Amino acid sequence: MIERFARFLDERIGTSRFLADKATKVFPESWTFLFGELALYSLVVLLISGIWLSFFFDASLAETTYEGAYGPLVGVEMSEAYRSAIALSFDVPAGLFVRQVHHWAALLFMATILVHLLRIFFTGAFRRPRDVNWVIGVTLLVLGIVEGFLGYSLLDDVLSGVGVRILQAVLLSIPVAGESLALLVFGGEFPGEVIIGRMFMAHVLVLPALLVGAVAVHLALVVRQKHTQFPGAGRTEDNVVGLRLWPAYAARAVGMLWLVAAVLAGLGGFVQINPVWLWGPYDPLEITTAAQPDWYMGWLEGALRLFPPFEPQAFGVMLPQPFIPAIVLPGVLFTGLAAWPWIERRLTGDDADHHLLQRPRDNPARTAFGAAVLAHLAVLFFGGSQDLLAISLNVPLQRVVWTLRILTVVAPLVVGWATYRIAVNLRDGGTRPAGEEAFSELQQTRS
Amino acid sequence: MSSQEDREVPHGLPPDSERPRLAVGVAATAFVVAVLGAIAFAVVYVAVHGQHQTQLLGASLLVACGGLGVGLVVWAQGAMPQGPHVEDRHAVGSGTQPAPDDEHAVEHDTHEMARRSLLGRLLLGGMGAVGLSTLVPFLSLGPDEEVETAATAWGDGVRLTRPDGTPVRADTLDLGGAIPVLPEGGDLKADSQVMLIRLAEDGQVDVGSGRREWTAAGHVAYSRLCSHMGCSVGLYQAATQSLVCPCHQSAFRVADGASPEFGPATRPLPQLPLGVDDEGFLVATGTFDRPVGTATWQYPSRVQDGGEAGA
């Protein structure tokens, strides 16, 4: 039956020719090539769980009184958005499970994107002709961060409500247009009555469309340009050595999809995440201590907490304090990331196409610079938890903040210098990648 | 580079290795486990409610997806040709053609796979089962308690009110007039709406179908939901005594039990039995003789006076 269906398709749209062409595509193998794939599979789980959730979530700020199954909130005034999030957690069969799977999938999506990006950066896979795809990848990272923030902001609990308040402050801090921009986004003063509905449309329609579209182009370019490979015997700039798409590579890829789904099912079933019923409905009078954003927002939260109270005035206008940590810092980071292939080309004068990857040690300067930026971001990330650090270390908050402020400058310098030394040492040690000998042996047995 | 001999055996293994057979065994077992996990997921969804549902859903779906994942990876790593294969890299834009040799290789590999048809069927079955089981939570879209779908808010003694809530006296409607009415205090506006028509000055009226006693003070009342597809039968032609549905132009004979006169409707509009209470207001003396609106599979068993069904 399957053969008849295949023939049916082939006679009408010529699938066999297309598939035969694609099936012979060779993909190089390395465990480091896995992370982008894992991000893709997390996205699949996000889309399916998200579609399910969208049927039950009510993105409305209309006031209501809770009458559901969760006792402590019965009789409490709240928005329809928060009520439907609580109903999802207590009244809708499988609701809590799918909510938790969705949230865990978002965390895994962002984590695998980040590791994938680091792999691309430290092995020089972004170099010509893949510079364009690198820019698409950086765009996906930014879209993912925004999408994640919007997702957990929808529930209108105390935590996310405070997050939306901070979003408004960030908008307000923008020179010249800040006030108008905030009024535009919120449809008036904070919180207004429309922000949840607007964030919902962005979260379920606009950003997913952009994400899926960008992922499609991202993958199409990988197929078109063929995958990079690590150097080794028989591997040159002019060939691809690895596994054919059909059958083993495809089977393993689909297997990985199911394994990602399995891990996320396990996390969603057993590891509680964002128990919104404990936070309570958002009320502009309410605030919680020790609040943390999702991990991929941690560095931005840290920047807001660590940046000094600097607010210059001149000619009757003022640059609000949050502008530099909340707009300039991510602006410089993402612009710099996107422009990195061209920056490096300018610095090295290397304008050639590259299909063979570098190990991090092969390019100590780039590796050291990347490590330094990571060190800076790591300090900011810890800055996002300075209150918790102060409590758990039993140190005054002021000392934690000042230590971290100094570290934002010192840590990158130290880490960058140490990384450079280690990379140079490894490179000059002359060790070769493992597995290469086995490959040469195989080559010999065949010839 | 890609000669046929290399493809027979996974990379780095002697040709008589037991590994492929072992891998196929593990993969087959994993696919069966996946099917069991999928069944467990559906069973948990339907049978377990409350506290532990989340954990059990997670555990069963983990087993279901994990079985497929482990099976596929083991099959791929243990019993599929491992290469290495070599493909030339051309500059983009120059056009690439797979060498004919490659196409034969794909055919060869596919035949190799076809030899494992049992495993392939187990995989398809497993993916089908897991895929279907993940659809089961969409059952949450339905209401969480039993709903009596055929119910309306009418009953013995319920007053007829205008849409603004005022009750209708037996002497207010003009002869030949028709107004939409609702049950007093009832909120089932969608299903309970009725067309009240005054056919005579007073007394009971013969509207065919032997239901003289269902009329009162010259009035007759029919469900305002078209028996074709549930639109409101909003038009009354006094001259021909016809109720007409504007959606698909079904017409009903008011003087003959609202039997279908024209158009796609096959069943008469359900009739509401009328009376007059002590204060002179029109009331229902019961509920409709049959389900209102469009019909379902269960229609015949829900018609109260079965003899009249489909008249």
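Preceding this paragraph is the structure being described.
What this report covers is the structure whose coordinates are included nearby.

Rules behind the numbers
- Residues numbered from 1 in each chain as written.
- Chains lettered and ligands numbered in written order.
- Predicted model: local features only at pLDDT ≥ 70, side-chain atom pairs only at ≥ 80, totals over all residues.
- Heavy atoms only, no water.
- Helix = DSSP H or I, 4+ residues; strand = E, 2+ residues; numbered from the N terminus.
- Buried < 20%, exposed > 50% of the residue type's maximum accessible area, 1.4 Å probe, protein only.
- Contact = heavy atoms within 4.5 Å.
- Areas by Shrake-Rupley, 256 points an atom, 1.4 Å probe, with all protein chains shown as cover.
- Pairing = 2+ DSSP bridges.
- Axes fitted to C-alpha atoms, helices over the stretch in contact; angles between N-to-C directions.
- Polar contact = N/O pair within 3.5 Å; in protein donor to acceptor, adjacent residues only side chain to side chain.
- Parallel < 35°, antiparallel > 145°, perpendicular 65-115°, else oblique.
- Left-handed = near helix turned anticlockwise from the far one by under 90°.
- Nonpolar A, V, L, I, M, F, W, Y, C, P; charged D, E, K, R; others polar.
- Salt bridge = Lys/Arg side-chain N within 4 Å of Asp/Glu carboxyl O.
- Buried area = accessible area lost by both parts, 1.4 Å probe.

## Considering the overall build of chain B
Part 1 of the argument: Of the regular secondary structure elements, chain B holds 6 helices and 11 strands.
Part 2 of the argument: Within the span of chain B, comprising 311 residues, buried residues form 45% of the whole.
Part 3 of the argument: In chain B, of all internal contacts separated by at least 6 residues, the share reaching a separation of at least 24 is 57%.
Part 4 of the argument: When the accessible surface of chain B is split by element, carbon and sulfur atoms take 57% of a total near 15400 Å².

## A closer look at the sheet that holds strand S6 (residues 235-237) of chain B
All names here are of chain B.
Part 1 of the argument: Taking strand neighbours across the sheet as the criterion, the 4 strands line up as S6-S7-S8-S9 in an open arrangement whose pairing is antiparallel. Looking at the sheet topology across the chains shown, the edges are occupied by S6 and strand S9 (259-262). This sheet shows a mean twist of 35 degrees between the axes of neighbouring strands, independent of strand direction.
Part 2 of the argument: In this structure, S6 lies alongside strand S7 (residues 242-244), joined through 3 bridges in antiparallel fashion. Bridge pairing in S7 links Tyr236 to Leu243.

## Some remarks on the side chain of A:Asp387
Residue and element names in this part refer to chain A.
Part 1 of the argument: Considering the arrangement of structural elements, one finds Asp387 in helix H15 (residues 386-393).
Part 2 of the argument: Among the polar contacts made by the side chain of Asp387, one reaches the side chain of Arg305 at a distance of 2.9 Å.
Part 3 of the argument: Beyond its immediate sequence surroundings of up to four residues, Asp387 is in contact with Ala290, Gln292, Arg305 and Leu397.

## What about the environment of B:Leu118?
All names here are of chain B.
Part 1 of the argument: As for its placement among the helices and strands, Leu118 is situated in helix H4 (residues 117-135).
Part 2 of the argument: Judged by relative accessible area, which is 61%, Leu118 ranks as exposed.
Part 3 of the argument: Distance in space between the C-alpha atoms of Leu118 and Ala28 is 8.4 Å, their sequence separation being 90 residues.

## What about the packing of helix H2 (residues 53-79) of chain B against H4(B)?
Residue and element names in this part refer to chain B.
Part 1 of the argument: It is at 10 Å that the axes of H2 and H4 come closest, and there the two elements cross at 155 degrees. Relative to H4, the element H2 is oriented roughly antiparallel. For the element pair H2 and H4, the recorded crossing hand is left-handed. Of H4, the residues touching H2 (which contributes Leu61, Ala64, Cys65, Leu68, Leu72 and Trp75) are Leu119, Gly120, Leu123, Gly126, Met127, Val130 and Thr134.
Part 2 of the argument: Residue classes in the contact of H2 with H4 are distributed as 10 nonpolar, 3 polar and no charged.

## With respect to the pattern of salt bridges
All names here are of chain A.
Part 1 of the argument: According to the stated counting rule, one finds 17 salt bridges over all chains in the structure shown.
Part 2 of the argument: Here Glu344 makes a salt bridge to Arg366, at a shortest N to O gap of 2.7 Å. Highlighted residues: Glu344 in helix H13 (residues 323-348) and Arg366 in helix H14 (residues 364-383), separated in sequence by 22 residues. Residues Glu344 and Arg366 agree in their burial class; the two are buried.
Part 3 of the argument: One continuous salt-bridge network, built from bridges that share partners, spans Asp131, Arg345 and Asp351.

## A look at the interface of chain B and chain A
Part 1 of the argument: Listed as interface residues are 54 residues of chain B and, on the opposing side, 54 residues of chain A.
Part 2 of the argument: Regarding the contact of chain B and chain A, the summed buried area is about 4700 Å², with carbon and sulfur atoms giving 66% of it.
Part 3 of the argument: Interface area lost by chain B to chain A is led by B:His85, B:Glu87 and B:Arg89, which between them contribute 18%.
Part 4 of the argument: Where chain B packs against chain A, one counts 0 salt bridges.
Part 5 of the argument: Run the count over chain B and chain A and you get 13 residue pairs in polar contact (both at pLDDT 80 or more).
Part 6 of the argument: Every element with two or more residues in the side of chain B that touches chain A is listed here: helix H1 (19-47), H2, strand S1 (85-88), helix H3 (100-114) and H4 of chain B.
Part 7 of the argument: Of all the elements, H2(B) adds the most residues to the side of chain B that touches chain A, at 17 residues.
Part 8 of the argument: Taken together, the residues that form the side of chain B that touches chain A break down as 28 nonpolar, 18 polar and 8 charged.
Part 9 of the argument: Across 4 bridges, the pairing between strand S4 (residues 239-244) of chain A and S1(B) is antiparallel.

Just geometry here; none of it tells us what the structure is for.
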